[in-house]
Structure formats: C-alpha cells, structure tokens
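# Coordinates in review
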Number of protein chains: 2
Amino acid sequence: MKKHNFSAGPSILPQEVLLKASHAVIDFNNEGLSLLEISHRSKSFVDVMEKARALVLELLGLEGKGYKALFLQGGASTQFLMVAMNLLEKRAGYLNTGTWSAKAIKEAKLLDDIYEVASSKEANYNYIPKGYDIPEDYDYFHCTSNNTIFGTQMKSFPDSPIPMVCDMSSDIFSRELDFSKFGLIYAGAQKNMGPAGTTLVVVKEDILGKVSRKIPSMMDYKLHIGAGSMYNTPPVFAVYTSMLTLEWIKGLGGIKAIQELNEKKASLMYSEIDLNPLFKGFSTKEDRSMMNATFTLQNDNLKDTFETMLKEAGISGLNGHRSVGGYRASMYNALPIESVKTLVEVMSELESKA
Amino acid sequence: MKKHNFSAGPSILPQEVLLKASHAVIDFNNEGLSLLEISHRSKSFVDVMEKARALVLELLGLEGKGYKALFLQGGASTQFLMVAMNLLEKRAGYLNTGTWSAKAIKEAKLLDDIYEVASSKEANYNYIPKGYDIPEDYDYFHCTSNNTIFGTQMKSFPDSPIPMVCDMSSDIFSRELDFSKFGLIYAGAQKNMGPAGTTLVVVKEDILGKVSRKIPSMMDYKLHIGAGSMYNTPPVFAVYTSMLTLEWIKGLGGIKAIQELNEKKASLMYSEIDLNPLFKGFSTKEDRSMMNATFTLQNDNLKDTFETMLKEAGISGLNGHRSVGGYRASMYNALPIESVKTLVEVMSELESKA
C-alpha cells in the first residue's frame with residue numbers, strides 16, 4: 001500500500017514522475033543507456049536542462065522579463081552564502097521569521113553588515129512580522145516565504161525599494177504571486193519540485209555584477225548563467241526529475257490549478273485543527289502556512305492511541321520538528337487531497353473515542 | 001541493445017546498481033515510499049549514509065587511521081575552493097597537470113598565494129612532471145591523480161612533507177594506492193562511484209582547524225564531519241547509488257580485484273593503439289592513464305568509415321575532448337572488458353580495410 005506521506009522534505013512527488021524517473025535510470029529516451037551514464041553535454045541532457053529552465057520561467061510568469069533560471073547544487077544552505085557573495089556590498093536587510101532566516105543571516109554576516117528589519121524570534125516564530133521599513137540605501141532585502149518548521153507563511157510581500165531576495169524552498173510553485181516583484185528567488189528542490197540534490201535559482205540579471213569582491217567561480221551567478229547552468233557537471237538525475245515535476249504542474253493547469261487544490265487541502269486540515277478540541281494550532285491564524293500545518297495534541301494521554309491510529313491508516317511523516325513539538329502535516333503540491341481526508345478522519349475518530 | 005559506453009563522465013555504472021537504484025525510486029526497502037520522498041533524517045536513509053561512508057574508508061584501507069568520509073554537493077569544482085578555504089593560510093604548492101589542476105589553482109589563488117611546483121602545460125599536458133620539490137613550509141601540496149581530458153595519470157606520488165591533497169575524481173577506487181599518504185582526497189562521483197550530484201571527500205581530521213579565516217558553514221569540513229555528512233539535506237539519490245556501487249566493488253573483491261580488471265582493459269586498449277599504424281596515442285607512454293586512453297586517427301580520410309563502424313558496433317561516448325581532439329576511450333570500473341574487445345576489433349577491422 002502506498003502511504004499517505006506528510007513528510008516535511010524530502011517529500012512526496014507525483015507518482016507519474018516517480019515512474020518516469022525510475023524508468024530513465026534503466027533506459028533514458030530509449031537510447032539504450034541510463035540517464036545516469038550519459039554525458040551531461042549530450043543533446044539529450046542539454047534538452048532536459050533547457051526545458052527545465054524554460055518551464056520554471058513559464059510557470060512563474062517570468063518569460064521575457066529579464067530573468068534566468070539556474071539549477072545548482074548545495075541546497076538553500078549554499079544560497080545563504082551565495083546571495084551575499086553576489087549582492088552584498090555594504091549592508092542588507094533581513095526579515096527573521098524562523099530557523100532558515102536565521103541561518104541565512106548568519107552566513108551573510110560573515111561577509112558584511114546585516115540588519116534585521118524585523119523578527120518574530122521572541123514568540124518562537126509563531127507569526128510573520130509586518131509593518132517594517134526597508135531602507136532604500138541597502139543592497140537588498142531578504143525574506144523566507146514559508147517557514148517549514150513553524151508552519152507560517154508570508155501572505156503578502158512588501159513593495160521593496162531594493163531588490164527583494166526570497167527563499168521559497170518550501171512553497172515554490174504552490175501559489176500564484178507576482179514573481180516579478182522579486183530580484184532573486186531560490187529554492188531547494190526537495191519539497192515541491194523534485195528530489196534532494198538540486199537548488200533552483202531564479203534571478204533578474206540586472207541586479208548582478210554590482211559588488212566589488214572577486215566571486216569564486218562556483219559561487220558566481222553570472223558565470224552559471226553564461227554557461228547555461230552547466231558550468232560544471234550538473235546533478236543530472238535531480239534536474240531531470242524536477243523537469244518531470246514541472247511538466248506535471250503544467251499539465252494540471254499551472255500554479256493557478258495547484259493553488260486551488262492546495263487551498264482545499266489546507267482548509268480541510270485547519271478546519272479540523274480548529275474544530276477538534278483535542279488539537280491546537282501552533283501558528284497565528286492569519287499567518288498559517290498552506291504547506292505545513294503545525295499543531296499539538298492537548299492531552300498527552302492520547303498520544304499513543306493517536307499514533308497507533310495514524311500508523312494503521314498508513315499515515316507517515318507527521319512528527320513535528322523538535323523546535324515546535326507536536327505534529328506537522330506537510331501538504332506539498334503532490335500530496336493528494338485523499339491523504340488529508342484520511343488524516344482528518346483519524347483526528348475526528350480520536351475525538352469520538354476520547 | 002545495451003551500448004558499449006566509453007563516456008568520460010557521467011559514465012557507465014554497473015547494471016545491477018542501475019536496477020537497484022531504479023527500483024528504489026519506486027519503492028525503497030519495501031517501505032511503500034520512494035527513496036526520493038522519505039526524510040533524510042529517517043533511520044532508513046541515515047543507515048545508507050553511514051554505510052556509504054564506512055565502505056569508502058574500508059575500501060581505501062583507511063579505517064581507524066583518523067580519516068572521515070563525507071558526501072557533499074557541488075562537484076570537484078566546489079572542492080577547488082573548499083580545499084583552499086579550509087587549508088590555505090599562507091601559501092600552497094600545486095602540480096599543474098591539466099585543465100582541472102589549472103582550475104583548482106585559479107580558485108585557490110582567490111584566497112592566497114599559490115606556487116606551481118611544476119607544470120606540463122607547455123606540452124599540452126601530455127605528460128606528468130616529475131622530480132619537483134615540495135617546500136616543507138607550505139600549507140599543503142595539491143595534485144590531480146588522473147587527467148581525464150589528456151589521458152595521463154600519476155603512477156606514483158611524492159613523499160610530501162606537508163599534507164597532500166589529491167583530486168581523484170576520475171580514478172578513485174580504480175587501483176590500489178597507499179591512501180594514508182594523503183591528507184585529503186576528493187572526487188566527483190560521476191566516474192567510478194555513482195551518478196553526478198555528489199562529491200566524495202576523505203579527510204584526515206588532524207589537518208583541519210589550522211587556518212585563521214572564518215569558514216562559511218557549507219564550506220567547512222569540520223562542520224560537515226560533526227554533522228555526520230548531514231548538515232543540510234544531502235543528495236539522497238546520488239549517495240544511495242554511490243553506496244550501491246561501493247557494495248558492488250566490495251563484492252567483486254575490492255580495489256585489488258578491480259585494478260586487475262582495469263589493467264587488462266588498459267593493456268588491450270594501448271596494445272591496439274601502439275600496434276595499429278592507423279592510430280597514435282596522445283600521452284607519453286609512461287604516464288598513460290588506465291582510465292582514459294586518448295588517441296588520434298592518423299588518416300583523416302578514414303574518419304567517416306571509422307565512426308560508422310563504431311556506431312554499428314554500438315560504441316558510444318568515444319569523442320575526444322576539444323583540447324586534444326581525436327578519440328578518448330574511458331574505461332572506468334564498470335566498463336566490461338567485452339566493450340574494450342569490441343572497440344579493439346573495430347580498430348583492427350579498420351586497419352584491414354585501409
């Protein structure tokens with residue numbers, strides 16, 4: 001039986017993507033070779049890379065607007081450093097909304113001055129700060145769109161007078177936004193896009209080339225753009241599987257269609273959390289993430305019963321992060337609504353038993 | 001028909017590894033979930049990472065000798081920078097034996113002073129310099145064990161008075177060496193170990209922690225060691241497939257057994273190059289690579305005939321690198337000797353036709 005996979009990441013991928021990726025490991029494009037053993041400079045793979053890059057811009061509505069898409073390595077954790085290497089000359093402003101924001105700040109501080117425009121750290125990051133100012137003489141403004149650990153999400157973005165950089169690792173391709181408001185978007189693949197091992201970077205070219213430091217080759221966005229995201233051997237399998245997921249999103253009707261499904265899933269989930277007296281949501285209602293619902297069980301005596309029921313229902317990956325405790329239901333794009341219904345039924349059944 | 005795959009990298013992997021990797025993309029460990037959609041912190045994947053790291057040290061004969069194995073991202077190109085970040089305080093010595101050495105030198109120079117102990121650039125890198133001195137007051141000595149593009153290989157290594165760092169991307173696990181002579185070994189996976197997307201680093205712990213610079217988190221070997229090679233989400237699929245290949249090597253009898261096979265393949269190949277008047281080897285005989293045989297066709301008029309014959313025989317990936325021209329037969333661990341025999345037969349047949 002296929003499980004109901006609520007894992008926070010690496011996380012569920014569409015079944016048809018997994019089937020195609022599995023086949024390509026044996027025989028890619030009926031070429032008599034595995035995807036893993038062909039040259040990344042072969043036409044077959046260059047086509048994959050180009051298609052993946054083009055699909056990103058198409059799905060985000062950024063075609064012809066001066067943006068380039070790159071598939072790099074090293075995860076969002078490497079982007080924390082790379083963003084600062086490429087954009088930080090004197091000072092940047094960061095919005096601190098959780099563990100990942102804090103890590104981004106820590107890495108950037110190694111290079112230069114960082115100012116926290118606002119932070120929700122004092123409340124264990126259970127809300128998104130609002131009403132902060134972004135100084136127009138800073139180099140850029142950095143934010144994290146969705147906080148996987150705490151289950152909060154930015155519902156709107158400021159009108160930034162300076163390039164806005166956003167870590168969208170855990171909610172890229174999940175909802176419609178005016179992506180042209182951003183100067184740079186980055187996202188580890190392993191939530192909504194593909195397997196762990198590649199990181200998407202979407203950057204407006206005209207924000208680059210303005211810092212005085214010498215940027216090491218592998219850290220240099222301009223170099224990667226010039227090389228068509230193939231400066232060195234790319235993570236072939238992760239890029240191919242991401243391309244398949246992007247095709248799947250397009251086939252469903254693009255981000256608009258995905259967003260409708262995600263709203264339904266989140267609505268089901270949060271209704272149960274709010275109506276069921278056994279459970280309590282962690283984050284402030286207005287900032288609740290459509291991707292990761294964090295909640296606790298109010299009565300510890302029911303823990304074993306609940307977890308046995310979850311197991312029996314084939315539900316996996318529901319453990320909360322240690323910083324928050326309790327449970328976390330990650331409802332990424334590929335999670336079927338049936339999985340959410342199953343979870344909600346278990347929660348509801350627990351109430352009737354209690 | 002499965003092709004004879006002489007690709008320089010990404011390159012051929014054992015068929016049984018591909019079958020297992022393909023299956024894991026659908027269902028890993030009969031857990032009802034894909035390898036791509038489970039948490040990297042799950043016991044199942046942590047076991048994979050630990051097994052892969054242990055197998056590396058076991059196969060290299062480095063168990064209990066103060067070394068740690070890491071599976072990182074970013075390719076050898078990232079290691080060019082990372083080595084210098086972690087080890088370069090004042091000055092380091094580099095042996096320049098080809099394109100990859102030159103790139104390693106370029107990145108390290110961004111941080112500090114680099115001295116080329118010797119170079120074969122003047123001869124388009126067709127040999128390995130010997131008899132150079134390694135100053136004992138330098139921080140480290142860097143070399144490239146095998147030069148994929150030019151088809152040369154270091155047959156012996158100096159007794160370095162300072163930590164010896166070696167890029168073994170294209171010949172790791174292909175031959176027995178006293179690996180304890182090295183302070184740090186790195187290798188992109190995509191030749192002898194696995195798919196593109198992970199980079200092996202084997203480092204002697206006591207050479208670390210001696211530089212004064214603040215090292216960014218993702219660049220810091222000590223941090224990755226402390227986190228068990230799981231500081232951030234690792235490239236799960238590439239690590240798993242590498243583990244399968246390491247198991248395959250162990251099953252064959254380890255590096256000793258692999259080396260015997262590789263010697264037979266290389267001997268077949270170079271005998272044909274030397275005996276067949278239509279072909280000429282590129283590199284100096286004593287420095288010829290056991291992994292990559294580079295050669296040219298002496299008579300351009302035969303080019304089309306030869307290439308048609310190669311295609312008909314199912315031989316792929318034989319094109320030489322643009323820096324050398326001609327042909328390059330990459331004979332990595334997983335290439336069956338039958339593939340070399342097929343190639344040699346085609347070369348011999350061309351001679352009888354000419």
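Because the structure is a prediction, the values reported are computed rather than measured.

### Looking at the overall build of chain A
Of the regular secondary structure elements, chain A holds nine helices and 14 strands. Since a compact globule built from 354 residues should have a radius of gyration of about 20 Å, the 21 Å found for chain A is in line with a globular shape. Expressed along its principal axes, the backbone C-alpha trace of chain A runs to roughly 65 × 55 × 30 Å. Counting the 354 residues in chain A, one finds 62% classified as buried. Sequence-distant contacts in chain A: of pairs separated by 6 or more residues, those separated by 24 or more amount to 67%. Of the roughly 13100 Å² of accessible surface on chain A, a fraction of 48% belongs to carbon and sulfur atoms. Treating the 38 positive side-chain charges of chain A as one cloud and the 41 negative ones as another, the clouds have centres 2 Å apart.

### Overview of the domain arrangement of chain A
Residues and elements named next belong to chain A. Structurally, chain A comprises domain 1 (15-252) and domain 2 (254-353). Each of domain 1 and domain 2 has a C-alpha centre, and the two are 27 Å apart. Each partner contributes residues to the interface: domain 1 has 30 residues there, and domain 2 has 26 residues. Roughly 2300 Å² of surface becomes buried between domain 1 and domain 2 when both sides are summed, with 54% attributable to carbon and sulfur atoms.

### Things to note about the sheet that holds strand S3 (residues 91-96) of chain B
Residues and elements named next belong to chain B. Taking strand neighbours across the sheet as the criterion, the seven strands line up as S2-S10-S9-S8-S5-S3-S4 in an open arrangement whose pairing is mixed. Strands at the two margins of the open sheet, each flanked by one partner only, are strand S2 (67-72) and strand S4 (113-119). Direction aside, the axes of adjacent strands within the sheet are offset by 20° on average. Where S3 and S4 come together, six bridges link them in parallel fashion. Looking across to S4, one finds that Ala92 is bridged to Ile114. Across the sheet, helix H3 (residues 75-87) touches S2, S3, strand S8 (164-167), strand S9 (184-188) and strand S10 (199-204), and the angle it forms with S9 is around 160°.

### Focus: the packing of aromatic side chains
Tallied over the full model, the rule gives 25 aromatic pairs over all chains. With 5.1 Å between their ring centres and 55° between their planes, Tyr125 of chain B and Phe150 of chain B make a pair best called tilted. Residue Tyr125 of chain B is located in the loop between S4 and strand S5 (141-144), and its partner Phe150 of chain B is located in the loop between strand S6 (146-147) and strand S7 (152-153); the two are separated by 25 residues in the primary sequence. Accessibility assignment for this pair places Tyr125 of chain B and Phe150 of chain B in one class, buried. Three or more aromatic residues joined by ring pairs make a cluster, and in this case those are Phe279, Phe295, Phe306 and Tyr327 of chain A.

### Points about the nonpolar core
Membership of the largest hydrophobic core comes to 184 residues, with the highest contact counts inside it found for Phe173, Met269 and Phe306 of chain A together with Phe173, Met269, Phe306 and Leu318 of chain B. The contact partners of Phe173 of chain B, leaving out residues within four places of it in the chain, are Val56, Leu59, Leu60, Met193, Leu200, Leu246, Ile249, Ile255, Ile258 and Asn333 of chain B. Membership of the second largest hydrophobic core comes to 60 residues, among which are Ala76 and Phe80 of chain A together with Met82 and Met219 of chain B.

### Quick word on the environment of Met164 of chain B
Residues and elements named next belong to chain B. Along the chain, Met164 falls in strand S8. On the basis of relative accessibility, which here comes to 1%, the residue Met164 falls in the buried class. On a C-alpha basis, the gap between Met164 and Tyr140 in space is 5.9 Å, while along the polypeptide they are 24 residues apart. Excluding anything up to four places from it in sequence, Met164 contacts Phe141, Cys143, Phe157, Pro158, Lys181, Phe182, Gly183 and Leu184.

### Some thoughts on the packing of helix H3 (residues 75-87) of chain A against helix H4 (residues 99-109) of chain A
All names here are of chain A. Interaxial distance between H3 and H4 falls to 8 Å at its minimum, and their mutual angle equals 45°. By the angle class used here, H3 and H4 are oblique. Crossing geometry of H3 relative to H4 is assigned as right-handed. Along its contact with H3, which presents Phe80, Leu81 and Ala84, the element H4 presents Trp100, Lys103, Ala104, Glu107 and Ala108.

### Digging into the interface of chain A and chain B
The interface is formed by 54 residues belonging to chain A together with 54 residues belonging to chain B. Between chain A and chain B, roughly 4200 Å² of surface is buried when both sides are summed, and carbon and sulfur atoms account for 59% of that area. The tally of links from chain A across to chain B stands at zero salt bridges. Counting the contacts that link chain A with chain B gives 15 residue pairs in polar contact (both at pLDDT 80 or more). Residue assignment for the side of chain A that touches chain B shows that the elements contributing at least two residues are helix H1 (15-26), H3, H4 and helix H6 (236-252) of chain A. It is H1 of chain A that provides the largest number of residues to the side of chain A that touches chain B, a total of six residues. Looking at the side of chain A that touches chain B residue by residue, the class counts come to 25 nonpolar, 21 polar and eight charged.

### Thoughts on the relation of the copies chain A and chain B
With an axial shift of 0.0 Å and an RMSD of 0.0 Å, the rotation relating chain A to chain B amounts to 180°. The transformation relating the two chain copies, once decomposed into turn and shift, fits a two-fold axis. Using C-alpha coordinates, one finds that chain A approaches the rotation axis most closely at Ser22 of chain A, a distance of 2.3 Å. When the interface residues of chain A are mapped onto chain B, 100% of them again fall at the interface, so both copies present the same face.

### Quick word on empty space enclosed by the protein
Scanning all chains against the criterion turns up three cavities of 30 Å³ or more. In this structure, the largest cavity occupies an estimated 290 Å³ of space. Gln73 and Gly74 of chain A together with Gln73, Gly74 and Thr78 of chain B are the residues nearest the centre of the largest cavity, which is lined by 32 residues in total. When residues of the lining of the largest cavity are traced back to their parent elements, those giving at least two are strand S2 (67-72) and H3 of chain A together with S2 and H3 of chain B. Of the residues belonging to the lining of the largest cavity, the class tally is 18 nonpolar, 14 polar and no charged.

### Side note on the sheet that holds strand S14 (residues 327-330) of chain B
Residues and elements named next belong to chain B. Taken in spatial order, the three strands make up an open sheet running S11-S12-S14, and their pairing is antiparallel. The sheet is open, and its two edges are formed by strand S11 (279-281) and S14, each paired on a single side. Strand-to-strand twist of the sheet, defined as the mean angle between neighbouring strand axes without regard to direction, takes the value 35°. With three bridges joining them, S11 and strand S12 (residues 292-297) adopt antiparallel strand pairing. The residue bridging Lys280 from the neighbouring strand is Thr296, located in S12. Packing of helix H8 (residues 303-312) onto the sheet brings it into contact with S11, S12 and S14, and relative to S14 it is tilted by some 25°.

### Structural notes on the UniProt feature "domain: Aminotransferase class V" (unreviewed entry) in chain A
As annotated by UniProt and renumbered to match this structure, "domain: Aminotransferase class V" (unreviewed entry) occupies residues 5-343 of chain A. For the annotated span residues 5-343 of chain A, helix accounts for 34% and strand for 17% of the residues, and the straight-line distance between the end C-alpha atoms is 10 Å.

### Considerations on the pattern of salt bridges
Tallying each qualifying case throughout the model produces 28 salt bridges over all chains. In this structure, the salt-bridge partner of Glu247 of chain A is Lys51 of chain A, at a minimum N-O distance of 2.5 Å. Placement of the pair is Glu247 of chain A in helix H6 and Lys51 of chain A in helix H2 (residues 43-59), with a sequence separation of 196 residues. On the basis of relative accessible area, Glu247 of chain A is assigned to the partly exposed category, the value being 25%. Arg91 of chain B serves as the salt-bridge partner of Asp113 of chain B, at 2.6 Å between the closest nitrogen and oxygen. Note that Asp113 of chain B is positioned in strand S4 and Arg91 of chain B in strand S3, a separation of 22 residues in sequence.

Parameters at a glance
Residues numbered from 1 in each chain as written. Chains lettered and ligands numbered in written order. Predicted model: local features only at pLDDT ≥ 70, side-chain atom pairs only at ≥ 80, totals over all residues. Heavy atoms only, no water. Helix = DSSP H or I, 4+ residues; strand = E, 2+ residues; numbered from the N terminus. Rg over C-alpha atoms; globule rule 2.2 N^0.38 Å. Buried < 20%, exposed > 50% of the residue type's maximum accessible area, 1.4 Å probe, protein only. Contact = heavy atoms within 4.5 Å. Areas by Shrake-Rupley, 256 points an atom, 1.4 Å probe, with all protein chains shown as cover. Lys, Arg positive; Asp, Glu negative; His and termini not counted. Charge placed at Lys NZ, Arg CZ, Asp CG, Glu CD. Domains from an automatic or database assignment. Buried area = accessible area lost by both parts, 1.4 Å probe. Pairing = 2+ DSSP bridges. Axes fitted to C-alpha atoms, helices over the stretch in contact; angles between N-to-C directions. Phe/Tyr/Trp six-rings, centres within 6.5 Å; stacked < 30°, edge-to-face > 60°. Core = buried A, V, L, I, M, F, W, Y, C linked by side-chain atoms within 4.5 Å. Parallel < 35°, antiparallel > 145°, perpendicular 65-115°, else oblique. Left-handed = near helix turned anticlockwise from the far one by under 90°. Salt bridge = Lys/Arg side-chain N within 4 Å of Asp/Glu carboxyl O. Polar contact = N/O pair within 3.5 Å; in protein donor to acceptor, adjacent residues only side chain to side chain. Nonpolar A, V, L, I, M, F, W, Y, C, P; charged D, E, K, R; others polar. Least-squares fit on C-alpha atoms with pLDDT ≥ 70 in both. 1 Å grid on protein atoms, 1.4 Å probe; cavity = no way out; pocket = protein on both sides within 12 Å on 5 of 7 lines; lining within 4 Å. Points joined across faces, edges and corners; volume = space filled by probe spheres on them. UniProt positions renumbered as here; feature names shortened; annotations may be inferred.

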